[in-house]
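# Coordinates in review
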Amino acid sequence: MIAVTATLKAKPGREQDLARAVQALAQKVRANEPDCKLYQLARSKHDPTLFVLLERYTDDAALARHSNTDYFKAGIGEMMALVDGRPEIKLFD
């Protein structure tokens, strides 16, 4: 099992836009990637601009397939326009 966390800080005033963009991507992931077992956005209780995207895949190949989908590539571009700074991505076994 491979787990991924992506910590995202929304640009001021763009919090809802970022949440919608991630949720739209999550719907596509859930509909098309059976080897993705979790794709869930969580928002900080203390900082409304701070989000963590929690992902879980059956293996490295499933994560690689996810990263190469057209909808991921389009979605990440949209999300990056709404994020303040670079996301912090961490991988776990």
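Structure: above.
Residues numbered from 1 in each chain as written. Predicted model: local features only at pLDDT ≥ 70, side-chain atom pairs only at ≥ 80, totals over all residues. Heavy atoms only, no water.

For the rest of this paragraph, the subject is the nonpolar core. One finds L18, V22, L25, Y39, F51 and Y57 to be the most contacted residues of the largest nonpolar core, which totals 25 residues. Going through the elements one at a time, β1 (2-9), α1 (15-32), β2 (36-43), β3 (50-57), α2 (60-67) and α3 (70-80) are the ones with two or more residues in this core. With seven residues, the single largest contributor to this core is α1. Once residues lying within four places of it in the same chain are set aside, the contact partners of L18 are L8, A10, F51, M79, L82 and V83. (Core = buried A, V, L, I, M, F, W, Y, C linked by side-chain atoms within 4.5 Å. Buried < 20%, exposed > 50% of the residue type's maximum accessible area, 1.4 Å probe, protein only. Helix = DSSP H or I, 4+ residues; strand = E, 2+ residues; numbered from the N terminus. Contact = heavy atoms within 4.5 Å.)

Taking 1.5 Å of rise per residue, the 18 residues of α1 would be expected to cover 26 Å, and the 26 Å separating its terminal C-alpha atoms lies within 8% of that figure. Among all positions in α1, only E15, L18, A19, A21, V22, L25, A26 and V29 are buried. Here the buried residues of α1 occupy an arc of 160° about the axis, which is enough to place them on one side. Every exposed residue of α1 that faces more than 90 degrees away from the buried side is listed here: Q27 and A31. Summarising the contacts, the buried residues of α1 are in contact with β1, β2, β3, α2 and α3. (Expected span 1.5 Å × (residues − 1). Arc of directions from axis to C-beta.)

Our next topic: the packing of α1 against α3. Following both chains from N to C, one finds α1 and α3 inclined at 170°, their axes separated by 9 Å at the closest point. Here α3 runs roughly antiparallel to α1, going by the angle between their axes. Of the residues in α3, those touching α1 at L18, A21, V22, L25, K28, V29 and N32 are Y71, F72, E78 and M79. Of the residues belonging to the contact of α1 with α3, the class tally is eight nonpolar, one polar and two charged. (Axes fitted to C-alpha atoms, helices over the stretch in contact; angles between N-to-C directions. Parallel < 35°, antiparallel > 145°, perpendicular 65-115°, else oblique. Nonpolar A, V, L, I, M, F, W, Y, C, P; charged D, E, K, R; others polar.)

In this section: the layout of surface pockets. Each pocket or cavity is described by its volume, and for the largest pocket that value is around 240 Å³. As for the largest pocket, its lining consists of 16 residues, and the residues nearest its centre are A6, E55, F72, I76 and I89. Breaking the lining of the largest pocket down by element, the ones donating at least two residues are β1, β3, α2, α3 and β4 (88-92). At four residues, α3 tops the list of elements feeding residues into the lining of the largest pocket. Here the residues of the lining of the largest pocket are counted per class, giving 13 nonpolar, two polar and one charged. (1 Å grid on protein atoms, 1.4 Å probe; cavity = no way out; pocket = protein on both sides within 12 Å on 5 of 7 lines; lining within 4 Å. Points joined across faces, edges and corners; volume = space filled by probe spheres on them.)

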